[in-house]
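Understanding the architecture of this molecule
These are the residues of each chain, in order.
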Amino acid sequence: MKRLIRVAQGLEPADLVLKNAEVFHVFTGEFILGDIAIADGYIAGTGSYFGIEEIDMSGRYIVPGLIDAHVHIESSMLTPYQFAKAALPCGVTTVITDPHEIANVCGTKGIQFMLDATEKIPLNVYVMLPSCVPSTEFENAGAKLLADDLEPFLQHPRVLGLAEMMNAPGVLTQDSGVMEKLRMARSAGMHVDGHAPGLTSSQLMGYAAAGITSDHECITKEQALDRLRAGIGVMLREGTAAKNLKALLPAVNPDTAPYFMFCSDDKIPAELLESGYINDMIRIAVSEGGVSVANALQMATINTARHYNLKDVGAIMPGCKADLLVLDSLNPWVPLQVYKDGRLAYDQGRLVQTGTELDSSDLEHTVNVGELNLDALRLPLATEMAHVIGLVPYQIVTKKATLPVKRVDGCAVSDIENDVLKLAVFERHRATGNVGLGLVKGFGLKRGALASTVAHDSHNLIVIGTNDEDMLAAARELQRIGGGICIADGGEITASLALPVGGLMTNEPAQAVADKQAEIIAKAREMGVPEFYSPFLTLAFLSLPVIPSLKLTDKGLVDVDAFKFIPLGAK
C-alpha cells in the first residue's frame, strides 16, 4: 500500500504506464485523455505519470475489465481453465459463478473443485454457493446440500453468498430448509441471489422480504421494473439458451441503469469464440438498444462490482486491480489487448497468460444408470389427450399444452407429422432405475434421437427422439463414454462429444469443443431442429422444474406453475 501511495503521487515510477489513452471513468461516465499508472498489479492513478515501462496508447480507448454477474461455468462444457482462455479475449476478467451444476452431480466435492480450479487462472472467479441442490424435491440429483453442508465454504475469500434461490415457493411458504440457508447467508452478511420467473405483486414482495437482492429471470420490461420497485437488482441475460437482453433494454434509462447488470447464465464455446461475451452485450445495448456507451459500460463493470461489494474490480481507479481492455474503437467492442493484474494477458489474437489446469480425474465416471432397455421407454396412455410440453422459440420457459397424441397398442409414441416427440429422463447418479417419460411439441426432429447428461439442474440423462430404438442407442452411448452429448440415427451413433468431468465438462480447448459442437448442431439441424432452438441447451432445460410451465424429471411430469406432479393423460 505504501508504494501504491507513492506511485499515485508521482513520487516514484510505476511498474507500467499506459500513456495517452482515452480512459473510461465509471463514476462520471466519461472518457478522459490521460495515463494509467500500474504498480504491483494495481492501478495507482490516472492522469500524468512516468514508469519503468511506458507504452503509448494514443488513439486507443481503455475500459475496465468486464464482469459477468451470473454464470454457470460448467454450462460452457469447459473446465474453468479452458473457460478462462475463451473469456479473456472477450475482455471478461471477472465472473460471479454458481457451481450448482457440478454440485448437483458431485456435491461439496464439486464446489471445492471449482474453487480450487479457479485459483491459478487469469480470471477473477467469485462463487455464490448453490442454494438448491437439488433444485426441488421433484427430481433426484447426485447430492443434497443443506445449510450445514454449505456453511464451511463461507470462510473462503472468494465466496460471496448464496446463489440463485430457485425454490421461490419454499421462500414464500417459509420452508424450514430454505429458511435455514437464508438465515445462514444473512448472519454472515452475505448476498442472496434470486431466481423468480413469473413472480408478481405480493409474492414478489414476499420474495424480496427474504433478503433476495437480484434476479436474472426477467423476460419483459414490466417484470424488470417490478423487480426494481421491490429493491431487486436486475441482471440482463443474454446467454445461449435464453436471450432476454433486447426485450429488457427498454427498461434501461439514466435513472434505472445503476441497478442493471449484464450476465450470461450460460454460454457455449461457439458463441464465446464467434459472437463474443459481455462485450457483445455492450454492442447490442448501444447499437440496437439505444443505451448510452457510459450506461452500457457501467452495467458491464461497476454495477456488478458495487452490487457484490467488490472493492478492487469494475473501475479504473486507485486500488483496483489493473484489469483493463484496450480498444481501437468503441464498435464492435472487440479488445485489441487485455491486461490482467497489470500484465498483458491477451494481445491481438494471442493468449499471453493461460494459468494452470487442475486435475479433474476425481470427478469422472459419474454416469451410473440402471438397466437401459426398450421396456423402460414404453409410455402407457389410456386417454386420447395428453399434457404436452410446448416449446417457446428462444426461451427456456415452456407452455403447458393439452393435445391429442398418437398411440400404438395403448402407448403414446412420437408423432413426427405433428411434431410431438417422446422425451425420457433417466436417473444417472445412483442407478435407481427411475425413468420419467413425457411428450414435447415443437422440437422439429424428423428422425433419430438426441441425448445429453447436461440436463438442468440435477443433470440426469435426458433423451428426445422420434423412435425408441434410437433413443436407447443414444442413452447407451452416453453411458459408455462417461457423459456428454450425442446423436443416434438409424441405430447408429452419428455424432458425439464426451464430457467426462461430471458428465458436464471437458478439458479440451474451447475451439476443439466448438468445432465438435458445430458438427453435432449441424447434424441436429439437418435432422430437423429449427434455428431458433439451440438443440442441446433447449433439451437440457426441459428437465428443470423451476422454470415455467411444464417440465419432465426422472420422477415424472411437473406442472411448475402449480408446483406439483401431473399425469401424462388429460381429459
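Parameters and conventions
Residues numbered from 1 in each chain as written. Predicted model: local features only at pLDDT ≥ 70, side-chain atom pairs only at ≥ 80, totals over all residues. Heavy atoms only, no water. Helix = DSSP H or I, 4+ residues; strand = E, 2+ residues; numbered from the N terminus. Rg over C-alpha atoms; globule rule 2.2 N^0.38 Å. Buried < 20%, exposed > 50% of the residue type's maximum accessible area, 1.4 Å probe, protein only. Contact = heavy atoms within 4.5 Å. Areas by Shrake-Rupley, 256 points an atom, 1.4 Å probe, with all protein chains shown as cover. Lys, Arg positive; Asp, Glu negative; His and termini not counted. Charge placed at Lys NZ, Arg CZ, Asp CG, Glu CD. Pairing = 2+ DSSP bridges. Domains from an automatic or database assignment. 1 Å grid on protein atoms, 1.4 Å probe; cavity = no way out; pocket = protein on both sides within 12 Å on 5 of 7 lines; lining within 4 Å. Points joined across faces, edges and corners; volume = space filled by probe spheres on them. Nonpolar A, V, L, I, M, F, W, Y, C, P; charged D, E, K, R; others polar. UniProt positions renumbered as here; feature names shortened; annotations may be inferred.

Turning next to the overall build of the protein. Secondary structure assignment for the protein yields 17 helices and 31 strands. Computed over its C-alpha atoms, the radius of gyration of the protein comes to 24 Å, within 12% of the 25 Å expected for a compact globule of 571 residues. Seen through its principal axes, the protein has C-alpha atoms that stretch 85 × 50 × 45 Å. Each of the 571 residues in the protein was classed as buried or not, and the buried ones make up 62%. Put simply, 69% of the contacts in the protein that link residues at least 6 apart link residues at least 24 apart. As displayed, the protein has an accessible area near 20500 Å², and 50% of this comes from carbon and sulfur atoms. Each charge sign in the protein was given a centre, from 47 positive and 68 negative side chains, and these centres are 3 Å apart.

So, on to the sheet that holds strand β30 (residues 564-565). Reading across the sheet, the three strands line up as β28-β29-β30 and stay open at both edges, with antiparallel pairing between neighbours. Edge positions in the sheet fall to β28 (550-553) and β30, since each of these pairs with one other strand and no more. In this sheet, β30 lies alongside strand β29 (residues 556-559) in antiparallel orientation, the contact comprising two bridges. Within the sheet, the bridge partner assigned to D559 lies in β30 and is K564.

Here the focus is the domain arrangement of the protein. Entries for the protein in the domain assignment read domain 1 (1-59), domain 2 (65-314) and domain 3 (365-565). Distance between the C-alpha centres of domain 1 and domain 3: 53 Å.

A separate point is unusual backbone geometry. Looking along the chain, the bond that leaves H456 and enters D457 is cis, with omega of -10°. Mapped onto the elements of the fold, D457 is located in the loop between β24 (449-452) and β25 (461-465). With an omega of 0°, the peptide bond between P548 and S549 qualifies as cis. Within the secondary structure, S549 sits in the loop between α17 (535-540) and β28.

Turning to its location among the elements, G491 is positioned in the loop between β26 (484-489) and β27 (492-498). Each C-alpha atom of the pair G491 and D15 lies 63 Å from the other, and the pair is 476 residues apart in sequence. Ignoring sequence-local partners within four residues, the contact set of G491 consists of D470 and A473.

On to empty space enclosed by the protein, then. Under the counting rule described, the total for this entry stands at six cavities of 30 Å³ or more. Of the volumes computed, that of the largest cavity is approximately 100 Å³. Together, 17 residues line the largest cavity, and H72, E164, D265, F541 and L544 are the ones closest to its centre. A per-class count over the lining of the largest cavity returns four nonpolar, six polar and seven charged. Counting residues domain by domain, the lining of the largest cavity receives three or more from each of domain 2 (65-314) and domain 3 (365-565). By volume, the second largest cavity is sized at about 70 Å³. In terms of lining residues, the second largest cavity is bounded by M77, I268, I485, Q517, I520, I521, S534, P535, F536 and L537. The set of elements that each furnish at least two residues to the lining of the second largest cavity consists of α16 (510-526) and α17.

This part takes up the UniProt feature "domain: Adenine deaminase C-terminal" (unreviewed entry) in the protein. Within this numbering scheme, the UniProt entry marks residues 395-564 as carrying the feature "domain: Adenine deaminase C-terminal" (unreviewed entry). Taken end to end, residues 395-564 is 22% helix and 33% strand, and its two terminal C-alpha atoms sit 22 Å from one another.

Glancing now at the UniProt feature "domain: Amidohydrolase-related" (unreviewed entry) in the protein. UniProt records the feature "domain: Amidohydrolase-related" (unreviewed entry) at residues 61-342, using the numbering of this structure. Helix makes up 35% of residues 61-342 and strand 18%, whereas the separation of the span's terminal C-alpha atoms amounts to 16 Å.

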